[in-house]
Amino acid sequence: MQSLVDAAATGSLYALVALAIGLVFGVMRLINFAQADYITIGAYALIVPSASTVPTLFIGAWPMPLMVAAVALVVVLVALATERLAFRPLRGTDPSTLLVSSFALSFLFQQTIMLIFNSRPKSIEFGSALAAAVEIAGLRVPGVQLLTMATTIVAGTLLVFFLRYTALGVEIRAAAEDFTMAQLLGVRANRVIAVSFAISGLLGASVSLLLVVQTGTLDYRMGIMPVIYGFFATVIGGMGSLPAAALGGFLVGAASQLLQAWLPPDLRPFRDAFVFGFVIAVLLFRPEGLARPRAMRERV
Amino acid sequence: MGVTADIGPASIGITGDEILEARDVVVRFGGLLALDRVNIALRRNEIFGLIGPNGAGKSTTVNVLTGFQQPTSGEVLIDGRSIGGWSTNRVARSGVARTFQAARLFPALSVFENVVVASVNAGGSLAAARERAGDILAWVGCANRADRPASALNYGDQRRVAIARALALSPKFILLDEPAAGMNERECDQLVTLVSEIPGRWGCGVLLIEHNMAVVMRTCSRILVLDGGKPIAEGTPVAIQTNAEVRRAYLGDKAPGAAHR
């Protein structure tokens, strides 16, 4: 039972990442691996830049609402800057060019963080009150797990509301289905893409904060595994459908947590291999993903 | 060139604003001359036909007029302003909308949302955009299907919604690319009625590209004929029907009468 709660929490976290990746993929046909670094940068924004392994808190020491807003702002600005500088000039080129650009950008960010902060993981005292377990119906659930699930539910609901009931949201959905047609109907390409990146930044910031509270550690590669999982999630869900991406995120996250709990101890170090094997199996039997992939359908 | 032109470049300047023009447009794809000095002047109160055999350059003309294709030389002007270097969304917001032969609705969006995407870009509030979308859907007779996903519509309805969507942008000019293709006779009649109402009702000039000669002859006040990227005739439907060069252009595959489908 405890492991089911763990699974739901991890699944929720990966669902957040999958939403960010799925949203940007929808409008730009780009799998943005720099999403990993949005997460990492959000976490490193909490501390005073130094090489120390036990750094002093900077933004992380601010009052909670201010701290959340500041981290969100930093990550959104980074996301917008990457869109403007690394992806916009390449728009209209081959999707693989965009993909290479996102890899290059991700390495650039990692090396820069290593340069400033050094490559050793750092441990910080941050939000430890949230790590304390809450007792619910005989189950001891860490507060941060509840917070993760709540964040995912709130973020998902807000996103659905935004995409369904605002002008910009409807334009983003139209652009995700047929970008050329949307532009011919007056949809501003730059605005729609920038907003999608900003939202992916917001989602990235919430993942950073949740991860740091959960682990108390900073690492210059901390965003990579969540993003790889998030990417698998969007693939499993079917590229181009956000609810399916979120569901996919939930499934891979939950699967990895359950494998962690149920695999024989000798096999646990290879947990990721099992998860990735599961992804391959899904792709073999449902190459188009679990949902019907609108975005991949041939365009007339 | 055998052009029975009643609008020459000289008269374009007089009409001034409210006009969509192609001036001496040339488009070259490698060695292929897709358009060879095409001149079009579409006024806001008329329905102008663009016909020609397959490969004549009709679609390229539409692509140039919407800013999707940059001309190799020549220019396109909206109300006297050149659109050179504009993005397609800027051209669209400046008053030029188009439809495609395949309706290209956004399949997962509802019919209503398909139209709202365009009407929110016509300026004004979201409420005004929704109201306009509702009005236009009612006009094309699809109001009762507004909440269905666009993918659930039949072919004829998809075409009508595509026209509604383009009009929702409040364009000054609408370019319709073969709206009658694949329609039966009854649907063609409805289409003729609909298209004929556009200038008066929505204040919007129509460029109609169509293979169905009956539809063209019944709706258009002027017609331009392209063949191999070259304009070969321009004039009233009657003048075009009796034009020897037009007959010759079509005789390669079929006579104008036989181009009926």
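Residues numbered from 1 in each chain as written. Chains lettered and ligands numbered in written order. Predicted model: local features only at pLDDT ≥ 70, side-chain atom pairs only at ≥ 80, totals over all residues. Heavy atoms only, no water.

**What about the overall build of chain B?**
Broken down by element type, chain B carries 10 helices and 10 strands. The 261 residues of chain B split such that 56% are buried. For chain B, the exposed surface amounts to about 10,300 Å²; the carbon and sulfur share of it is 49%. (Helix = DSSP H or I, 4+ residues; strand = E, 2+ residues; numbered from the N terminus. Buried < 20%, exposed > 50% of the residue type's maximum accessible area, 1.4 Å probe, protein only. Areas by Shrake-Rupley, 256 points an atom, 1.4 Å probe, with all protein chains shown as cover.)

**Observations regarding the domain arrangement of chain B**
Residue and element names in this part refer to chain B. If you check the domain split of chain B, you get domain 1 (1-95 + 171-255) and domain 2 (105-170). A separation of 25 Å is found between the C-alpha centroids of domain 1 and domain 2. Each partner contributes to the interface: domain 1 provides 21 residues, whereas domain 2 provides 14 residues. Surface buried jointly by domain 1 and domain 2 totals about 1,500 Å² across both partners, of which 70% is contributed by carbon and sulfur atoms. By the criterion of area lost to domain 2, the three top residues of domain 1 are Pro171, Leu194 and Trp202, representing 43% of everything that side buries. Joining domain 1 to domain 2, the criterion identifies 0 salt bridges. At the surface where domain 1 touches domain 2, the tally comes to 4 residue pairs in polar contact (both at pLDDT 80 or more). Taken together, the elements giving at least two residues each to the side of domain 1 that touches domain 2 come down to helix 3 (88-93), strand 7 (173-177) and helix 7 (185-202). (Domains from an automatic or database assignment. Contact = heavy atoms within 4.5 Å. Buried area = accessible area lost by both parts, 1.4 Å probe. Salt bridge = Lys/Arg side-chain N within 4 Å of Asp/Glu carboxyl O. Polar contact = N/O pair within 3.5 Å; in protein donor to acceptor, adjacent residues only side chain to side chain.)

**Structural notes on the sheet that holds strand 6 (residues 96-98) of chain B**
All names here are of chain B. If you walk across this open sheet you meet the 6 strands as 6-7-8-3-9-10, and the pairing is mixed. The sheet is open, and its two borders are formed by strand 6 and strand 10 (230-235), each paired with just one other strand. For this sheet the average axis-to-axis angle between neighbouring strands, irrespective of direction, equals 20 degrees. When strand 9 (residues 222-227) meets strand 10, the two strands line up antiparallel, connected through 5 bridges. Note on strand 10: the bridge partner recorded for Ile223 is Gly235. (Pairing = 2+ DSSP bridges. Axes fitted to C-alpha atoms, helices over the stretch in contact; angles between N-to-C directions.)

**Details of the interface of chain A and chain B**
Opposite the 22 residues of chain A that make contact, chain B presents 23 residues. Together chain A and chain B conceal approximately 2,100 Å² of surface at their shared face, both sides included; 63% is due to carbon and sulfur atoms. One can count 2 salt bridges joining chain A with chain B. A salt bridge links Glu113 of chain B to Arg173 of chain A; the nearest nitrogen and oxygen atoms lie 2.8 Å apart. Along the contact surface separating chain A from chain B lie 5 residue pairs in polar contact (both at pLDDT 80 or more). Those elements that provide at least two residues to the side of chain A that touches chain B are helix 6 (143-165), helix 7 (167-177) and helix 8 (179-184) of chain A.

**Remarks on the pairing of strand 3 (residues 139-142) of chain A**
All names here are of chain A. Residues Leu139 and Val141 of strand 3 are buried on one face, while the alternating residues Arg140 and Pro142, pointing to the opposite face, are not. Inspection of the sheet shows strand 2 (residues 133-136) paired to strand 3 by 4 bridges, in the antiparallel sense. Opposite Glu135, over in strand 3, you have Arg140 as the bridge partner. Counted along the chain from strand 2 to the antiparallel partner strand 3, the turn is 2 residues long, and its residue Ala137 has a positive phi close to 45 degrees.

**Points about the pattern of salt bridges**
Residues and elements named next belong to chain B. All told, the structure shown has 20 salt bridges over all chains when counted by the stated rule. Two residues, Arg222 and Glu46, come together in a salt bridge whose shortest N-O distance is 2.7 Å. Highlighted residues: Arg222 in strand 9 and Glu46 in the loop between strand 2 (32-43) and strand 3 (47-51), separated in sequence by 176 residues. In this structure Arg222 comes out as buried when scored by relative accessible area, which is 4%.

**A word on the side chain of Thr234 of chain A**
Residue and element names in this part refer to chain A. Counting through the fold element by element, Thr234 comes out in helix 10 (residues 224-237). You can call Thr234 buried: its relative accessible area is 2%. From its side chain, Thr234 meets the backbone oxygen of Phe231 in a polar contact 2.6 Å long.

**Points about helix 2 (residues 58-65) of chain B**
Residue and element names in this part refer to chain B. Counting buried residues in helix 2 gives 6 out of 8 residues, a clear majority hidden from the surface. Listed as buried for helix 2 are Lys58, Thr60, Thr61, Val62, Val64 and Leu65. Gly67 sits one or two positions beyond helix 2 and adopts a positive phi of about 80 degrees.

**Focus: the packing of helix 3 (residues 64-87) of chain A against helix 9 (residues 189-215) of chain A**
A pair of packed helices is characterised by two quantities: the angle between their axes and the separation of those axes. Residue and element names in this part refer to chain A. Their axes nearest at 8 Å, the elements helix 3 and helix 9 cross at an angle of 140 degrees. Classed by the angle they form, the pair helix 3 and helix 9 counts as oblique. As for the relative orientation of helix 3 and helix 9, their crossing is right-handed in sense. Here Met67, Val68, Val71, Ala72, Val75, Val76, Ala79, Leu80, Thr82, Glu83 and Phe87 of helix 3 come into contact with helix 9, specifically with Ile193, Ala194, Phe197, Ala198, Gly201, Leu202, Ala205 and Leu209. Among the residues forming the contact of helix 3 with helix 9, the class breakdown is 16 nonpolar, 2 polar and 1 charged. (Parallel < 35°, antiparallel > 145°, perpendicular 65-115°, else oblique. Left-handed = near helix turned anticlockwise from the far one by under 90°. Nonpolar A, V, L, I, M, F, W, Y, C, P; charged D, E, K, R; others polar.)

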